[in-house]
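# Commentary on secondary and tertiary structure
In case you want the letters, here they are:
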Amino acid sequence: MATREPRHPALDLPHPWRAALPLAVPALAALGFSADPRLPVVAGLVAAACFGAAAAVRAAVERRDLAAVRRTADRLIVDQPRTNDARELVRWRSRELTSGDAREALVREIERTLRQLDPVRLPSSSPLRRAPARRHEAALREIAARVGDEQPIAARGIVLARELLRDPAGPLYAEGADALLARGLSRVRGALEP
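Residues numbered from 1 in each chain as written. Predicted model: local features only at pLDDT ≥ 70, side-chain atom pairs only at ≥ 80, totals over all residues. Heavy atoms only, no water.

## Side note on the overall build of the chain
Along the chain, the regular secondary structure elements total eight helices and zero strands. Its helices and strands taken in sequence order, the chain reads α-α-α-α-α-α-α-α from the N to the C terminus. Burial analysis of the chain (194 residues in total) assigns 36% to the buried set. Restricting the contact set of the chain to residue pairs at least 6 apart, pairs at least 24 apart contribute 66%. Just so you have it, the chain exposes about 12,000 Å², and 58% of that area is on carbon and sulfur atoms. (Helix = DSSP H or I, 4+ residues; strand = E, 2+ residues; numbered from the N terminus. Buried < 20%, exposed > 50% of the residue type's maximum accessible area, 1.4 Å probe, protein only. Contact = heavy atoms within 4.5 Å. Areas by Shrake-Rupley, 256 points an atom, 1.4 Å probe, with all protein chains shown as cover.)

What follows is the structure, encoded as structure tokens:
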């Protein structure tokens, strides 16, 4: 269930669909021209395709910029910001990370990792280090349960959990990182508490 993103007047955040809208409207208008029998149908379709492509490019650029803002906010959340500008960015990102949808997505990601640890599964091309990760399966389940419950949660823990699950050089994937995995999981568990 998608939740409506709260407004943040102090932040000038990229908005992919809002940026594409000024080009999407002319694309729809150009399609209307193809209904006019006095004009060649191809002209309306070509114009609509050009405006549509421009709208898609603009949305992609804004989406990339928004991802960069999110990465910056994630770093600030982990490093504890000190400036007023950073605090507003951290508040926005913290609300986004601790929303029900984001928490559900993280639980699904943890469960997907846990399914890959199942010994009955054939080895795959996944770089996941199964044997060391299996030793910490209970900790992964505990983190999934904590993220999935209704109690308040800290955004820093979400960022650290996502990093642990996704970092290809992290302890879930790197050779000889068994001790680091235990520390990483413990760090995530502690950081989840507000």
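## What about helix H8 (residues 178-192)?
Along an α-helix, residues three or four positions apart point the same way, because every turn accommodates 3.6 residues. For H8, built from 15 residues, the straight-helix expectation of 21 Å at 1.5 Å per residue is met to within 8% by its first-to-last C-alpha distance of 22 Å. Taken residue by residue, H8 has Leu181, Gly184, Leu185, Val188, Ala191 and Leu192 as its buried positions. For H8, the angular spread of the buried residues around the axis is 130 degrees, confining them to a single face. Within H8, the exposed residues directed more than 90 degrees away from the buried face are Ala179 and Arg183. Elements that come into contact with the buried residues of H8 comprise helix H5 (130-135), helix H6 (137-148) and helix H7 (155-166). (Expected span 1.5 Å × (residues − 1). Arc of directions from axis to C-beta.)

## So, the pattern of salt bridges
For the structure on display, the rule yields eleven salt bridges. One salt bridge in this structure joins Glu175 and Arg129, with 3.3 Å as the shortest N-O distance. Here Arg129 lies in the loop between helix H4 (100-116) and H5 and Glu175 lies in the loop between H7 and H8, a separation of 46 residues in the sequence. Note that Glu142 is salt-bridged to Arg189, the shortest N-O span being 3.6 Å. With Glu142 in helix H6 and Arg189 in helix H8, this residue pair connects regions lying 47 residues apart in the sequence. Classification of Arg189 as partly exposed rests on a relative accessible area of 27%. One salt-bridge network, held together by shared partners, links Arg103, Arg146, Asp149 and Glu193. (Salt bridge = Lys/Arg side-chain N within 4 Å of Asp/Glu carboxyl O.)

## Details of the confidence of the model for the chain
Averaged over all residues, the pLDDT of the chain is 81; the fraction at 70 or higher stands at 89%. Ranking the elements of the chain by mean pLDDT puts helix H1 (residues 16-33) last with 78 and H6 first with 93. Across residues 1-5, confidence stays below pLDDT 50; counting only partners more than four residues off in sequence or on other chains, it has six contacts. (pLDDT = per-residue confidence, 0-100.)

## Focus: H1
In a regular helix each residue adds 1.5 Å, so 18 residues correspond to 26 Å; H1 covers 27 Å between its end C-alpha atoms and thus fits that length. At Pro22, H1 shows its maximal kink, close to 40 degrees. By the burial criterion, the buried members of H1 are Pro16, Ala19, Ala20, Leu23, Ala27 and Ala30. Where H1 is buried, its residues contact helix H2 (41-79). (Bend = angle between axes of the 7 residues up to and from the residue.)

## Some points on a nonpolar patch on the surface
On the surface, Leu28, Leu31, Val41 and Leu45 cluster together to form a nonpolar patch covering roughly 370 Å² of accessible area. Residue assignment for the nonpolar patch shows that the elements contributing at least two residues are H1 and H2. Mapped onto the elements of the fold, Leu28 is located in helix H1. Classification of Leu28 by relative accessible area gives exposed; the value is 61%. (Patch = residues over 30% accessible without salt bridge, like charges linked within 9 Å, V, L, I, M, F, W, Y side chains within 5 Å.)

## Observations regarding the nonpolar core
Soluble, globular proteins show a tendency: their nonpolar side chains are buried together. Formed by 31 residues in total, the largest nonpolar core has its most connected members in Ile110, Val147 and Leu172. The set of elements that each furnish at least two residues to this core consists of H2, helix H3 (84-97), H4, H6, H7 and H8. Sorting elements by how many residues they give to this core places H7 first, with seven residues. If sequence neighbours within four positions are ignored, Ile110 has contacts with Leu140, Ile143, Ala144 and Leu165. (Core = buried A, V, L, I, M, F, W, Y, C linked by side-chain atoms within 4.5 Å.)

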